[in-house]
Amino acid sequence: MKQKIFIIEDDPLIRNELNILLQSNGYETAAPEFFSNMIGRIKAEQPHLILLDIKLPGISGFSLCTQIRTFSDVPIIFVTSCNTDMDELNSIMLGGDAFITKPYNTAILLAKIASLLKRAYPSQQNEQLTYGGAILHLESSSLEYGGRRVDLTKNELKILYYLFKNAGKICSRGDIVEFLWDNQLYVDDNALSVNINRIREKLTGIGLKDFIKTKHRQGYTL
């Protein structure tokens, strides 16, 4: 069963963009155009995760978040043009799980959605990702290729997870570091280079040479 994401966004262009992005990445979506009886709609839809703007016609996203938290622990990501420290603090204090400012990076948004869904619904997650014949085992923190397996550190697993989830796309160094930081793993730019080199050595050892490619001044890609 596909996981459902409820989009509460009053800008029709952004709402449509999020719909297309999420559906193309395997999610079911619900994205109302009108905002009356929003709580009733959320209860009826029973989404797995909510994307919530702050500035909405007739009601604020903060107020909606407060009401949602009276009956549900559904993950809530604020996606908003409100970008002050106080806005982010309020989102946390009222029960939000993440805070992303517009214009958002789609790779970061998708990674945060996947991370929150995995944490909230562990029994519903596929515990492995595959690409190019390689299998990334999330539960055992290892990678398998051609019947051979290598163990990964926590940082190495997170880096490969991000690259697998964005396979075929160029992932900038800044985006990878931001993803790791958001998951409470401190990795600066130099440490990222060290981790990437160690991952490459491990993958080469099981026959996966040049699995992670460097794009000059752009980042990495599988």
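I will try to describe carefully the structure that is included in this document.

Calculation rules
- Residues numbered from 1 in each chain as written.
- Predicted model: local features only at pLDDT ≥ 70, side-chain atom pairs only at ≥ 80, totals over all residues.
- Heavy atoms only, no water.
- Helix = DSSP H or I, 4+ residues; strand = E, 2+ residues; numbered from the N terminus.
- Buried < 20%, exposed > 50% of the residue type's maximum accessible area, 1.4 Å probe, protein only.
- Pairing = 2+ DSSP bridges.
- Axes fitted to C-alpha atoms, helices over the stretch in contact; angles between N-to-C directions.
- Contact = heavy atoms within 4.5 Å.
- Core = buried A, V, L, I, M, F, W, Y, C linked by side-chain atoms within 4.5 Å.
- Left-handed = near helix turned anticlockwise from the far one by under 90°.
- Nonpolar A, V, L, I, M, F, W, Y, C, P; charged D, E, K, R; others polar.
- Polar contact = N/O pair within 3.5 Å; in protein donor to acceptor, adjacent residues only side chain to side chain.

Some remarks on unusual backbone geometry
For residues that are not glycine, phi is negative in most cases, and the peptide bond is trans in most cases.
Inference 1: Across the junction of Lys102 and Pro103, the peptide omega takes the value -5 degrees, indicating a cis bond.
Inference 2: Residue placement: Pro103 occurs in the loop between strand E7 (98–101) and helix H5 (106–120).
Inference 3: Even without glycine at this site, Asp210 takes up a positive phi of about 60 degrees.
Inference 4: Here Asp210 is to be found in the loop between helix H8 (189–205) and strand E12 (213–215).
Inference 5: Under the relative-accessibility criterion, Asp210 is labelled exposed at 55%.
Inference 6: In the Ramachandran plot, Arg217 falls in the positive-phi region, its phi being about 60 degrees despite a non-glycine side chain.
Inference 7: With respect to the secondary-structure elements, Arg217 resides in the loop between E12 and strand E13 (219–221).

Here we look at the sheet that holds strand E6 (residues 76–80)
Inference 1: Strand order in the open sheet made by the five strands is E2-E1-E3-E6-E7, with parallel pairing throughout. Two strands lie at the open edges of the sheet, namely strand E2 (28–30) and E7, each paired on one side alone. Strand-to-strand, the axes of this sheet are offset by a mean angle of 20 degrees, without reference to chain direction.
Inference 2: Running at roughly 170 degrees to strand E1 (residues 4–8), helix H2 (residues 38–45) makes contact with E1, E2 and strand E3 (49–52) of the sheet.

Some remarks on the sheet that holds strand E8 (residues 128–131)
Inference 1: With antiparallel pairing, the four strands of this open sheet are ordered in space as E8-E9-E10-E11. If you trace the sheet from one side to the other, it starts and ends with E8 and strand E11 (148–151), each paired once. Taken over all neighbouring pairs, the strand axes of this sheet differ in orientation by 20 degrees on average, direction set aside.
Inference 2: The sheet contact formed by E8 and strand E9 (residues 134–137) spans four bridges and is antiparallel. When the sheet's bridge partners are listed, Gln128 is paired in E9 with His137.
Inference 3: In this fold helix H6 (residues 154–165) packs onto E8, E9, strand E10 (142–145) and E11, with an angle of close to 125 degrees to the strand it touches most, E9.

Things to note about the nonpolar core
Inference 1: By size, the foremost hydrophobic cluster in this structure holds 73 residues, and its most contacted members are Ile8, Leu51, Ile113, Leu136 and Leu143.
Inference 2: Broken down by element, the residue count for this core peaks at nine residues, all from H5.
Inference 3: Leave out the neighbours within four places in its chain, and Ile113 touches Ile5, Leu22, Tyr27, Leu49, Leu51 and Ile77.

Quick notes on the packing of H5 against H6
Inference 1: As a packed pair, H5 and H6 sit with axes 10 Å apart at the nearest point and diverge in direction by 115 degrees. The hand of the H5/H6 crossing is right-handed. In this structure, H5 uses Ala107, Ile108, Ala111, Ala114 and Ser115 to contact H6, whose residues at the interface are Tyr161, Tyr162 and Lys165.
Inference 2: Within the contact of H5 with H6, the residues separate by chemical class into six nonpolar, one polar and one charged.

Some points on the side chain of Asp175
Inference 1: Examined against the element boundaries, Asp175 turns out to sit in helix H7 (residues 173–182).
Inference 2: Side-chain polar atoms of Asp175 contact the side chain of Asn105, separated by 2.9 Å.
Inference 3: Each residue touching Asp175, except ones within four places of it in the same chain, is listed here: Asn105, Ile108 and Tyr162.

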